[in-house]
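Chain by chain, the residues:
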Amino acid sequence: MDQLLAIVPHFPSIHESADGQANYLTQIIPKMAEVASIQIVALRFGSQASDEEGPGWRVLRVEPPEPLADVFELYLPNHLGPAISALHKAALETAANGEQGRPIWCHGYETGSIVEALTQRGRRVVAVPHYSVGVETLHDLALGDDPIRKRAFDSPWATSIGKMTPKVLRPMGVRWASRLGSVGRSLPLPTAIQTQFLKLDLERKMVANASQLVAVGPSFESELNAVYPCTQQRSTHVIAGAPTALPTGAWPWPIEPDRFRIAMVGRPTGQKGWDYAVDALGQLRSEHAERIDLVLLGGLGAGNGPYSAYSERVARAYEQLNPHRVENLGACTHEEVLAHLVAADLLLFPSVFEPLGLVLLEAMAAQCCVLSSNAAGPSDLVETPWGVVVDFDDPTTRSDALHHGLCSFIEKERTELRHLGQMASEAAQAHTWAHCASVHLDALFGHGK
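Our subject in this report is the structure included herewith.

Definitions and limits used
- Residues numbered from 1 in each chain as written.
- Predicted model: local features only at pLDDT ≥ 70, side-chain atom pairs only at ≥ 80, totals over all residues.
- Heavy atoms only, no water.
- Axes fitted to C-alpha atoms, helices over the stretch in contact; angles between N-to-C directions.
- Helix = DSSP H or I, 4+ residues; strand = E, 2+ residues; numbered from the N terminus.
- Parallel < 35°, antiparallel > 145°, perpendicular 65-115°, else oblique.
- Contact = heavy atoms within 4.5 Å.
- Nonpolar A, V, L, I, M, F, W, Y, C, P; charged D, E, K, R; others polar.
- Buried < 20%, exposed > 50% of the residue type's maximum accessible area, 1.4 Å probe, protein only.
- Pairing = 2+ DSSP bridges.
- Right-handed = clockwise from strand over helix to strand, strands pointing away.
- 1 Å grid on protein atoms, 1.4 Å probe; cavity = no way out; pocket = protein on both sides within 12 Å on 5 of 7 lines; lining within 4 Å.
- Points joined across faces, edges and corners; volume = space filled by probe spheres on them.
- Core = buried A, V, L, I, M, F, W, Y, C linked by side-chain atoms within 4.5 Å.

Let's talk about the packing of helix 16 (residues 358-365) against helix 19 (residues 414-428)
Part 1 of the reasoning: Their axes nearest at 7 Å, the elements helix 16 and helix 19 cross at an angle of 125°. The angle between the axes of helix 16 and helix 19 places the two elements in the oblique class. For the pair helix 16 and helix 19, contact is made by Leu-361, Met-364 and Ala-365 and by Gly-421, Ala-424, Ser-425, Ala-427 and Ala-428, respectively.
Part 2 of the reasoning: Of the residues assigned to the contact of helix 16 with helix 19, the class counts are six nonpolar, two polar and no charged.

Next up, the structure:
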């Protein structure tokens, strides 16, 4: 059986997986382990076991210099650099002690320095960028482009830098920032900017050195190629799989056929566009708003990561929605998220940028309609008539576009919503974890599985 080493920032126990990147890994690794023996090195969070194994895989969790309660703490400025250094050291030691010919899978920009070091040692390293700091930085520079983002973030540094940088020059600015990342992270700058340079430096090392890159979708691959032209000859893409088994539906209130059930799912970060969605919901006429059940899943208003102030600020706006019926369920297990999608009529997914959006496939499989932005992942997955993709290219029109999309769904009859949900479920069946795993394995071993 083929041997494979995987380096990932976070690999929870299968039953504890709760965020998109972790769900991706805990779904695909068991599938890949059917044909390859996988050794995983990851950071340890909270009370996770240091060593854990399943059929065909085993994970060694590395203790960070300071204990991290959850994955959100990893991205705090005082934690990211030291924790990644600990993962880097353990990854290189594990690679040196194993079979020299086995390929290495590095998941996420966080592994950038590891990709660089292992490639320089002559190892074949396939990087899977699950998120792009370069794309994130482009959107950070746009925080001052419209009043909704400006209020939600209250980030004067990013706003000022963005206003000084014409939109047409921002991609070039991000490329130069990534090249200067190792210098910028050490300059006497505000901590948030130093951290962004560190993240850009890690991403640059990943994209510049990987033997091959597997992006989590075709549109995201195009975004990477545009920000980092050096990746164009070494990248491919794949879309994740949809769940094949779903739990019984769950909802905070009794299911009433005359009420319209909306779910929102995601990390409480600016990427997810929570601020635009609450503005759009607030624009609804009272006769529409009075019919809405809105469930928030993912921890909005809680957490201790770098977006905690944004999260708390936007959570208060949802609390003030009236006459909507709103329940903020906080951070939930993967099973709980799936159960609420089964009960929902609509997934509202207003991500400002999104490489994939695994929850889109989960909502589709759960016979849930989708209203989303035209970010990369939704553009690849969401189709009419069961889904509506709205234009987010102009920040000043985002909430209005979401508002019109909401109205188009709220006005539909229950029988039509059920029919559209069935169509969404049929579309989800085209995406399987078996195919996703085969693309990863082909990139790693150079032959189909």
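Additional details are given in the paragraphs that follow.
Considering the pairing of strand 12 (residues 346-349)
Part 1 of the reasoning: Alternating positions in strand 12 separate into two faces, Leu-346 and Leu-348 on one and Leu-347 and Phe-349 on the other, with burial throughout.
Part 2 of the reasoning: Pairing of strand 9 (residues 260-265) with strand 12, which is carried by two bridges, proceeds in the parallel orientation. Looking at strand 12, one finds that Ile-262 is bridged to Leu-346.
Part 3 of the reasoning: Both strand 12 and strand 13 (residues 369-373) contribute to a ladder of four bridges, which runs parallel. Note on strand 13: the bridge partner recorded for Leu-347 is Val-370.
Part 4 of the reasoning: Assessed by its sense of winding, the connection that carries the chain from strand 12 through helix 16 to strand 13 is right-handed.

Here's the deal with empty space enclosed by the protein
Part 1 of the reasoning: Tallying each qualifying case throughout the model produces three cavities of 30 Å³ or more.
Part 2 of the reasoning: Computed from the structure, the largest cavity encloses a volume of approximately 50 Å³.
Part 3 of the reasoning: The wall of the largest cavity is formed by Glu-136, His-139, Asp-140, Leu-143, Arg-149, Phe-153, Gly-270, Gln-271, Tyr-307 and Phe-353.
Part 4 of the reasoning: At the level of elements, helix 5 (133-140) and helix 6 (147-153) are the ones that each hand at least two residues to the lining of the largest cavity.
Part 5 of the reasoning: By residue number, the principal contributor to the lining of the largest cavity is helix 5, which donates three residues.

Brief notes about the sheet that holds strand 13
Part 1 of the reasoning: Reading across the sheet, the six strands line up as 11-10-9-12-13-14 and stay open at both edges, with parallel pairing between neighbours. Each end of this open sheet is capped by a strand with a single partner; those strands are strand 11 (325-330) and strand 14 (387-390). Across the sheet, the mean angle separating the axes of adjacent strands is 20° when strand polarity is ignored.
Part 2 of the reasoning: Taken strand by strand, helix 16 contacts strand 9, strand 12 and strand 13, and its axis lies near 165° from that of strand 12.

Description of the nonpolar core
Part 1 of the reasoning: Trp-105, Leu-281, Tyr-318, Leu-347 and Leu-406 are the most contacted members of the largest nonpolar core, which has 152 residues in total.
Part 2 of the reasoning: It is helix 3 (residues 77-97) that contributes the most residues to this core, nine residues altogether.
Part 3 of the reasoning: When neighbours within four sequence positions are excluded, Leu-347 is seen to be in contact with Ala-263, Met-264, Val-265, Leu-341, Val-359, Leu-360, Ala-363, Cys-368, Cys-369, Val-370 and Leu-371.

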